[in-house]
Amino acid sequence: KAGVTQTPRYLIKTRGQQVTLSCSPISGHRSVSWYQQTPGQGLQFLFEYFSETQRNKGNFPGRFSGRQFSNSRSEMNVSTLELGDSALYLCASSLGTGGDGETQYFGPGTRLLVL
Amino acid sequence: AQSVTQPDIHITVSEGASLELRCNYSYGATPYLFWYVQSPGQGLQLLLKYFSGDTLVQGIKGFEAEFKRSQSSFNLRKPSVHWSDAAEYFCAVGNNAGNMLTFGGGTRLMVKP
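Bear in mind that the values here come from a model prediction, so they are computed numbers and not experimental data. In every chain, residue numbers begin from 1 and rise along the written sequence. The lettering of chains begins at A and the numbering of ligands begins at 1, in the order of writing. Owing to the predicted nature of the model, reporting of local features is limited to residues with pLDDT of at least 70; listing and counting of side-chain atom pairs is limited to 80 or more, with chain, interface and lining totals taken over all residues. Side-chain measures here rest on the full set of heavy atoms in the structure, leaving out hydrogens and waters.

A. A look at the overall build of chain B. In this text, helices come from DSSP runs of H or I with a minimum length of four residues, and strands from runs of E with a minimum of two, each type numbered from the N-terminal end. The helix and strand tally for chain B stands at 0 helices and 12 strands. In terms of principal-axis extent, the alpha carbons of chain B reach across some 40 × 30 × 20 Å. The buried label goes to any residue with under 20% of its type's maximum accessible area, the exposed label to any with over 50%, and the partly exposed label to all in between, with areas taken from a 1.4 Å probe on protein chains only. Of all 113 residues assigned to chain B, the portion counted as buried reaches 49%. The contact definition used throughout considers only heavy atoms, calling two residues in contact when any of these lie within 4.5 Å. A sequence separation of at least 24 residues applies to 54% of the contacts in chain B between residues at least 6 apart.

Take a look at the structure:
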């Protein structure tokens, strides 16, 4: 079974631009979560989607948004990019069925550099 | 609010030596606990998990972890470290639904030949 895939793997943007990252979950997984990883703040939860609905949200500004499609693929968008948004963005998928079904499997990440 | 502490930022061990990475969590109910490993420039790979039942859990690559409720700990162990184990290790706790992870700061493991 194929793992979680994320595109693109690398991205360079300038301040003020917006960016969209994509995540395809493991086949059969209906939950997709997004995390930001930076050297200073570590790994932080952004949001989680299940069956096209946002189920959980972390403590990030409204510039960070996401959505999930009917095939469980997810996108996250960051508008008005700031230098501090430079990070590795990780997507994880799970069955979303509770208990062990919430075990999250991570993709390789998208590395975003904001200049 | 849930939290995870990994007291050791860096650990260096000799190849073939045993390893223990510490993890302490704060959570009001029975926690869902995880260990992940990350190689440079890569995503996170799940090593093992604890949801309930036997407090000693076995994972991949010869790793195991023990859940100790009285100590709020979930330490990761390996009896004999290989050079390929050099990586960063993250402990995480899941919320009551298990679908939001809070990570510790990570422990970077270096392996001496």
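B. Summary view of unusual backbone geometry. For the bond running from Thr7(A) to Pro8(A), omega is -10°, close enough to zero to count as cis. Position of Pro8(A) among the secondary structure elements: in the loop between β1 (5-7) and β2 (10-13). Phi is positive for Thr80(A), close to 45°, though the residue is something other than glycine. Following the sequence through the fold, Thr80(A) ends up in the loop between β8 (74-78) and β9 (87-94). We classify Thr80(A) as partly exposed; its relative accessible area is 47%. Backbone geometry places Lys61(B), a non-glycine residue, at a positive phi of 60°.

C. Quick look at the state of the cysteines. Residue and element names in this part refer to chain A. Working definition: a disulfide is two cysteine sulfur atoms within 2.5 Å of each other. Taken as a whole and judged by the stated rule, the model has 2 disulfides over all chains. Paired by a disulfide, Cys-23 and Cys-91 hold their sulfur atoms 1.7 Å apart. Here Cys-23 and Cys-91 share a disulfide; its torsion about the S-S bond, -55°, makes the bridge left-handed. Note that Cys-23 is positioned in strand β3 (residues 19-24) and Cys-91 in strand β9, a separation of 68 residues in sequence. Comparing Cys-23 with Cys-91, the two get one shared label, buried.

D. Structural view of the sheet that holds β3(A). All names here are of chain A. With respect to topology, 4 strands assemble into an open sheet ordered β1-β3-β8-β7, the strand pairing being antiparallel. Looking at the sheet topology across the chains shown, the edges are occupied by β1 and β7 (64-68). Pairwise comparison of adjacent strand axes, ignoring direction, gives a mean angle of 20° for this sheet. Bridge count for β3 against β8 is 5 bridges, and the pairing is antiparallel. Counterpart to Leu-21 in the pairing with β8 is Met-76. Any two strands between which DSSP finds at least two bridges are classified as paired. Axes here refer to lines fitted to C-alpha atoms; in helices the fit is confined to the stretch in contact. Angles between the N-to-C directions go from 0 to 180 degrees.

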